[in-house]
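Take a look at the letters that make up each chain.
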Amino acid sequence: MEQPPPHDGAGARVLVVDDDPTVAEIVTGYLDRAGYVVDRAGDGPDALDRAAAHWPDLVVLDLMLPGMDGLEVCRRMRGHGPVPVIMLTARGDEDDRILGLEVGADDYVTKPFSPRELVLRVESVLRRTRRAPAAAGLVRAAGLTLDPASRRATKRGHELALTIREFDLLAFFLRHPGRAFGREELMREVWGWDFGDLSTVTVHVRRLRGKVEDDPARPRLIRTVWGVGYRFEATAAAGEA
């Protein structure tokens, strides 16, 4: 799938994937009035075809789709390149929300939801995705190197396959070594949210550990600080990362 350069601000392309035509029409209407270019798909294969034709800047993706579910659609899209995903889930299905975050969804909204809230979530995710890279250039610590301009990360020279939010979380840790952060603070600083489900942070830390730690079960870089949250140990030897 060829990915065109991302739009800047209004006019970003959003792919809405939902098999309920009423929900899809309402969401599309709100996003269209907010200045987005909106594509619609009613199932997984249609979503993948539309993404192949016009790579989206963000995907609003229903978890429960006929045939190919939202998790599989998310996995397949992520196999072609990074793209922000907001997952739509049924209220109370916590396990489904966790699964959505595990496959790399950047946010989720529970049904029934306010279309205005969804538009605000879309704006928030895109704003965090496109924020200007830090002028400091490369960030290095404990065998890890991050290039904010190209949004690439490597571990001992090998490129890491990070989602957009995982990259932001790792960049934040590397810029604040040795300091313990609570989940609420990480959610505010990395996600830009003043409220939300803190399991979002927990899941992303677990996924990030799986990519940067030699032994995720015994993390040496991203340490748990009991009763507080997490701390990045920049002084850990590269061989222990």
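Keep in mind it's a predicted model, so treat the numbers as computed, not measured.

A. A look at the pattern of salt bridges. Inspection of every chain in the model, using the stated rule, returns 18 salt bridges. Across the pair R78 and D106 runs a salt bridge whose closest N-O atoms are separated by 3.1 Å. Of the two residues, R78 sits in helix 3 (residues 70-78) while D106 sits in the loop between helix 4 (94-102) and strand 5 (107-111), which places them 28 residues apart along the sequence. When sorted by exposure, R78 lands in the same class as D106, which is buried. Three or more residues joined by partner-sharing salt bridges are found here, namely D18, D62 and K111.

B. View of the sheet that holds strand 5. Spatially, five strands are ordered 2-1-3-4-5 in an open sheet, and the strand pairing comes out parallel. With partners counted over all chains shown, the strands left at the sheet margins are strand 2 (37-41) and strand 5, one partner each. Neighbouring strand axes in the sheet, compared pairwise and without regard to direction, differ in orientation by 20° on average.

C. Just the environment of H80, in detail. Tracing the backbone shows H80 in the loop between helix 3 and strand 4 (85-90). Taking the C-alpha atoms as reference, H80 lies 9.3 Å from A52; in sequence the two are 28 residues apart.

D. The pairing of strand 8 (residues 152-155), seen in detail. Note that strand 7 (residues 144-147) and strand 8 share four bridges and pair antiparallel. In the strand pairing of strand 8, D147 is matched with R152. Joining the antiparallel neighbours strand 7 and strand 8 is a turn of four residues, in which R151 adopts a positive phi near 55°. Judged from the two bridges that link them, strand 8 and strand 9 (residues 158-159) form a sheet pairing that is antiparallel. Bridged to K155 within strand 9 is H158. In sequence, strand 8 turns back onto strand 9 through a hairpin of two residues, with R156 there showing a positive phi of about 50°.

E. View of the packing of helix 7 (residues 183-191) against helix 8 (residues 199-212). Where helix 7 meets helix 8, the axes come as close as 9 Å, and the angle between the chain directions of the two elements is 80°. By the angle between their axes, helix 7 is roughly perpendicular relative to helix 8. Residues R183, L186, M187 and W191 of helix 7 touch helix 8, and the partners they reach there are S199, T200, V201, T202 and H204. Class assignment for the residues of the contact of helix 7 with helix 8 results in four nonpolar, four polar and one charged.

F. Structural view of the packing of helix 2 (residues 44-53) against helix 3. Put simply, helix 2 and helix 3 touch, their axes get as near as 10 Å, and they point 20° apart. Our classification of the angle between helix 2 and helix 3 gives roughly parallel. Like other packed secondary-structure pairs, helix 2 and helix 3 cross with a definite hand, here right-handed. Contacts between helix 2 and helix 3 involve G44, A47, L48 and A51 from the former and V73, R76 and M77 from the latter. Looking at the contact of helix 2 with helix 3 residue by residue, the classes come out as five nonpolar, one polar and one charged.

G. The arrangement of the sheet that holds strand 10 (residues 180-182) in detail. In space, the three strands of this open sheet follow the order 10-12-11, with antiparallel pairing throughout. Every interior strand has two partners, whereas the edge strands, strand 10 and strand 11 (222-225), have only one. Within this sheet the neighbouring strands show an average axis-to-axis angle of 35°, counted without direction. Pairing geometry for strand 10 and strand 12 (residues 229-232), over three bridges, is antiparallel. Looking at the pairing, A180 lines up with R231 of strand 12.

H. Structural detail: the packing of aromatic side chains. In total, this model carries two aromatic pairs according to the counting rule given. Residues F173 and F232 carry aromatic rings whose centres are separated by 6.5 Å and whose planes lie at 20° to one another, so their mutual orientation is stacked. Residue F173 is located in helix 6 (residues 164-175), and its partner F232 is located in strand 12; the two are separated by 59 residues in the primary sequence. Its guanidinium or amino end placed over the ring of Y30, R33 lies 4.9 Å from that ring's centre, counting from NZ or CZ.

Calculation rules
Residues numbered from 1 in each chain as written. Predicted model: local features only at pLDDT ≥ 70, side-chain atom pairs only at ≥ 80, totals over all residues. Heavy atoms only, no water. Salt bridge = Lys/Arg side-chain N within 4 Å of Asp/Glu carboxyl O. Helix = DSSP H or I, 4+ residues; strand = E, 2+ residues; numbered from the N terminus. Buried < 20%, exposed > 50% of the residue type's maximum accessible area, 1.4 Å probe, protein only. Pairing = 2+ DSSP bridges. Axes fitted to C-alpha atoms, helices over the stretch in contact; angles between N-to-C directions. Parallel < 35°, antiparallel > 145°, perpendicular 65-115°, else oblique. Contact = heavy atoms within 4.5 Å. Nonpolar A, V, L, I, M, F, W, Y, C, P; charged D, E, K, R; others polar. Left-handed = near helix turned anticlockwise from the far one by under 90°. Phe/Tyr/Trp six-rings, centres within 6.5 Å; stacked < 30°, edge-to-face > 60°. Lys NZ or Arg CZ within 6 Å of the ring centre and 35° of its normal.

Read these as spatial facts, not as claims about activity.
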